[in-house]
Every structure is written in C-alpha cells, then in structure tokens.
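Descriptive structure summary
The lines below spell out each chain.
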Amino acid sequence: MQHYLWFLLCVGSAGYLGWATFNQWIEPYIDFGSQVYCAWLVSLGKWPYLDFACYNGPFSVWFNGGLFALTGPSLAALQIANALWLIVLLTLLWLSFRQGWSKTAAWFGVLLFIWLFAFSRVQRVNGYNYIAPYAHEHTHGLVLGLLGLVLLEFSKGLRPSLLVFSGLCLGLTFLTKAENSLAATAAAALWWFLFAGQRRQIQTMVLKPFCLFATAFFLPLLTAFLYLARRLPLEQALRGTTGSWFVVFDQQVRALPLFRTVQGTAHLGANLILILQVAGISMAAWLLMQGLGQWKQRRGIAALIAGVSATAIAFWQLDGQIWFNLMRVVPFAMTGLLVWQGMDWWHQRKIGIAGGQIRWQLVLTLFGTLLLLKIWFNCQIVHYGFALAAVATVMCFARLWEGFGHADRLVWRLMLAPLLISLVLSYHREQLHQQTANPVTSLGRGGDRFLANGSFARTLAEVCPWVETHIRPDETLLVFPETTMINYLTRRQSPSRFTSFMPTETCLFGEQAMLDDLAAKPPDWLFIAPRNMTGLSAEFGHGYLDKLFLWMQENYEPVQRICATNSDYAVFAMKRRAYSTP
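Bear in mind that the values here come from a model prediction, so they are computed numbers and not experimental data.

1. Some thoughts on a nonpolar patch on the surface
A cluster of nonpolar side chains, contributed by Leu-5, Phe-7, Leu-8 and Val-11, occupies part of the molecular surface with about 390 Å² of accessible area. By the secondary structure assignment, Val-11 is in helix α1 (residues 2–20). Taking the relative accessible area as the measure of exposure, Val-11 reaches 43% and is therefore partly exposed.

So this is what it looks like as structure tokens:
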C-alpha cells in the first residue's frame, strides 16, 4: 500500500507540474532553436558536419531529424518524444535506487527529480528542463548511459542479450556529449573490475562476456564513422564520431569567460568560500542528527525542531537562494559517499560477503560523481547542472532519506522533511514567478505552437509574419548571431553551414572560415537579432568578429526594424545589395 501511495504522489506531482508549465518549456531565443532547425535540415536530407556545422555527437540530431521525417516538423511531436525519454529516465532512476538501496529511496529520488529537474524553469532563459532541453545531447546521453549501466547490472555478466544491449547503449552515449560518455564508460569499467574480482575463473566467467559487451560498445561508433565517411573526409568523419571530445581539449574554448564562470573557476575564491559555508551548515546538521540518534527520549520531536531550525539557518545564511547554493556541496558529498562505499566494499570483500548491492552502489555513485566534473566548483541545478547534477542531487537526498550510522530513519526523515518541503516550495515559487513576471506570447502555428514570455518572444511574434510576407520561400535567410528559431518557424533555410556565430563556434571553426562560407554563399536576407555579450566576449564589431561585421555592412542594406509595441527588443532586417557579389 505504501508504494502505491508513492506512485500516486509521483504521478500527481508530474501531472501538476506538467499542467502548471504546459507548453511553456521552449526557449525561443538561443540554443533550442538551433536544435530544432538542425533536426529539420536532417529531415530534408542534409548531413551534419557537411551541410551544417556542429560540435556534438550525431545521435541526437539524427534521432530528432528522423522523428521529423516520420511525423513532419513539429515541436509538439518533439516534446512528446522528450516526455517519453523522461519517463524512461524516471523508470531507470527508480530501478537504480531500488537496486542500490530500497524501494522507498527509489520513490523518494524519483519524486525529488520530478520537482527539481523534469519541468524546471527558474531562470529567464528557459531551456533547462527535460521536455524542451537546450541540448538534447545532454538528456539523450544521460538516459542512454544510465540504461546501459542498468542493463549491465541486470545481466549479472551472464546474459548475452542484456550485455549486447548494454554495450550498444553505452556506445551510443559516446555519440552524444563527452561528459555523459566519460561518466558512463568509467562506471561500466568499474562494474567489470568489481565483477571480475568476484570470479576466479577469469577466462570463462569474465573474458567472454566482456568481449561480447566490448564488441557491442564499439559497433555504434564504427557504424557512425563509416556512415559519415560516405560523404566526409576521414578526418572529419572521425571528428564527427567523437563528437564533443575534441571540444574538451580545446584550450581556447576552455578559456572562454562563459565556460570559466559556469565551471566555477572564474571566481574560484568566492565559490570556495560559499562551498565551505554550505558544507559547514551540512556538517552541523549531520552531527546533530547523529547525536539525536543516541538520544532515546523524545528524539522525534527534537529532530523535527532541529529540522525547522536548520531550515531557518540555511535560508538566513544563503540569502534565500537556497537551492542554487545548497547544490554546491553535492560534488564533495558524492566524493565522501564514494569513499564511504569503497571502504564498505573493501570490508565486505575481506570477510567474503561483498555482493551485487555494494557493487552497484559504487558504480552508480561513480557515475553521478563523474557527471559533476565540468561544474565541480559551481554545481547548480540550472544550466549544465540540469543534466549533469541531476543524478548526484537526487542520489544524495535519497541516501540521506535512508539514514546513516546510528541514527534511525525516523530521526533523519523528521530532520529532512521541513528542509525539503521548504526548499521545494521556494523552488516552485520561483518557477511561478518566472511564468508570471512577463505576459505570455503565443508563437508558431499548429504543431509548432508554444507559449513564451519576455521581450524577445513578443518581438518574435511580429518577426515571423513579417518574414512570411516579405521573404519568398525560395529566398534564403541568415539570422545573426544564433536565433535559428526564426528559420525553423518560417521554414526559411540559411545557405551558411554555421547556425551560430557565438564565441564557442568562433573558437572551434574560426572567423575566417565563417567569412569564407558566407562570401561563397551569401544569404538573400540577413536578420540581426542582438545578443547581450556581457560575460561572453566583446561586442560584435567592437573587438569580436570585426571582419564579418564589416562584410555584412558592405553587402547588406537595412530594410526594417521589427519590434513589438510592448517590447524593448528589436530585430533588424537587412537585404543583400544589388551590386553585392559572392
């Protein structure tokens, strides 16, 4: 009966949050537009890395492009597909936590994930949710990686079919983003290492299943490489297959202010102070719960009082931004949990009782910990953290819900309940604030209709009809620097290989390559959709992409300033000059 109540609570929470944020998950201004535009190009027969430039693995753009080819270009179809991916992820989380700890921990972790990550929209830029993520490579890679590990655990190293599917899933993870593939591959390697340690007949019990698994792992990589090599030079096909791995080692990209800020290295001292502050609060709560566990009289009431007190102190110390700041200690908590479990495994191994549960706990904890490497000093549940910190965050709290040491579960849960309830409510309040802070604007038509708020959304509602009125379907349109949502909604293609001219793309591909591409295939129309470059680089034409900006001024003439009456954001339409030559 208890588990049916948990199930109903999870379904009810998902239903409520889905209703509260319905059709408001899409961010039209930045990354998501490029995701759907590239998927549309694939559905038309275009090739990634050849017809349009990208620096992630090809799986997500192929999957979404195949979906568009099957259903027709439709944001509704894509969001339904993403909802199915989300259901699979929630199921995998439940199976993982149940296998590692208990059913109660599994339900608790799933419920927390639904409230914090699934439908999240707590910032002005709304792309950090699982229905319309700013990067499908993150969500697809997370699901594929976790699915591969779960299948590996359930195979027990003995069931060939599960081993093959596990290897295929982990190989496909390599075709998404480096962060996901590193965490999943390292966790799988640890699983095989621990599994081999339990078997004495290495040749028959480990080597053959491992070879089968490894073959399945490399099959998606080899298939993708051979497919891309049909149209691309071998070096470029290899670069496309390895996806974002080459970005990881690009020093220019790693030095960009945006990446250093997100990673926490731009203001390392301030971040370390905040981490220590949060760690101090967490440690005090830990010691308090351990002490209450030894107190036999009225410890339940004392634990509840302590939980309320800890909540008040946390809000006071962290200026109300508790969810954003509390997560900063998660990487270090995961490291401690990993060490704890490693010592437990070693103790069990010495006395000969190390089994599958402790092995799976170690594997799952390593997976969640390695996902955090990119945001180690600035762990948050937004931006990269909506995918990279999700597993670790729910794992930490689910593990706390199970209890530690001598304190019984009642004490832990009475301590945690006030904190968690207040945190979730404050987080949800922030979501509602973001939804109601600005009027909602309806964008797109039919299956592409969605709701968005903000000045850009109101102007975009004016831009799309203007494009359909003034630009013929056979004319080409480039939106600078990156708002390809306009191209997708109006079904106007850009002749350029480059869908974004932001600092990351400029570092990876070079300004000269971008200029040469535009000069060879100049678009008929050019739209300037201004982007705030604060914290990213110098302003366009003033120290950033100066040659490209000059070329645009020489070859295009202003036609219209498009701006909604109740918006302070404008898009500038420019047409190619009659005397302009490629």
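Further notes follow.
2. Brief notes about the nonpolar core
Across soluble globular proteins, nonpolar side chains show a tendency to be buried alongside one another. Phe-113, Tyr-130, Phe-367 and Phe-527 are the most contacted members of the largest nonpolar core, which has 141 residues in total. With 19 residues, the next largest nonpolar core counts Phe-501, Leu-515, Leu-545 and Leu-548 among its residues.

3. Focus: the pattern of salt bridges
Counting across every chain of the model gives 10 salt bridges. Between Asp-474 and Arg-472 there is a salt bridge, with its nearest N and O atoms 3.0 Å apart. Taking the relative accessible area as the measure of exposure, Asp-474 reaches 57% and is therefore exposed. Under the relative-accessibility criterion, Arg-472 is labelled partly exposed at 49%. Residue Glu-557 is joined to Arg-577 by a salt bridge in which the shortest nitrogen-to-oxygen separation is 3.9 Å. Taken together, the residues span a long stretch of sequence, with Glu-557 in strand β5 (residues 556–563) and Arg-577 in the segment after β6 (570–576) at a distance of 20 residues. Through salt bridges with shared partners, a single ionic network connects Glu-153, Lys-156 and Arg-359.

Reading guide: rules and limits
Residues numbered from 1 in each chain as written. Predicted model: local features only at pLDDT ≥ 70, side-chain atom pairs only at ≥ 80, totals over all residues. Heavy atoms only, no water. Patch = residues over 30% accessible without salt bridge, like charges linked within 9 Å, V, L, I, M, F, W, Y side chains within 5 Å. Areas by Shrake-Rupley, 256 points an atom, 1.4 Å probe, with all protein chains shown as cover. Salt bridge = Lys/Arg side-chain N within 4 Å of Asp/Glu carboxyl O. Helix = DSSP H or I, 4+ residues; strand = E, 2+ residues; numbered from the N terminus. Buried < 20%, exposed > 50% of the residue type's maximum accessible area, 1.4 Å probe, protein only. Core = buried A, V, L, I, M, F, W, Y, C linked by side-chain atoms within 4.5 Å.

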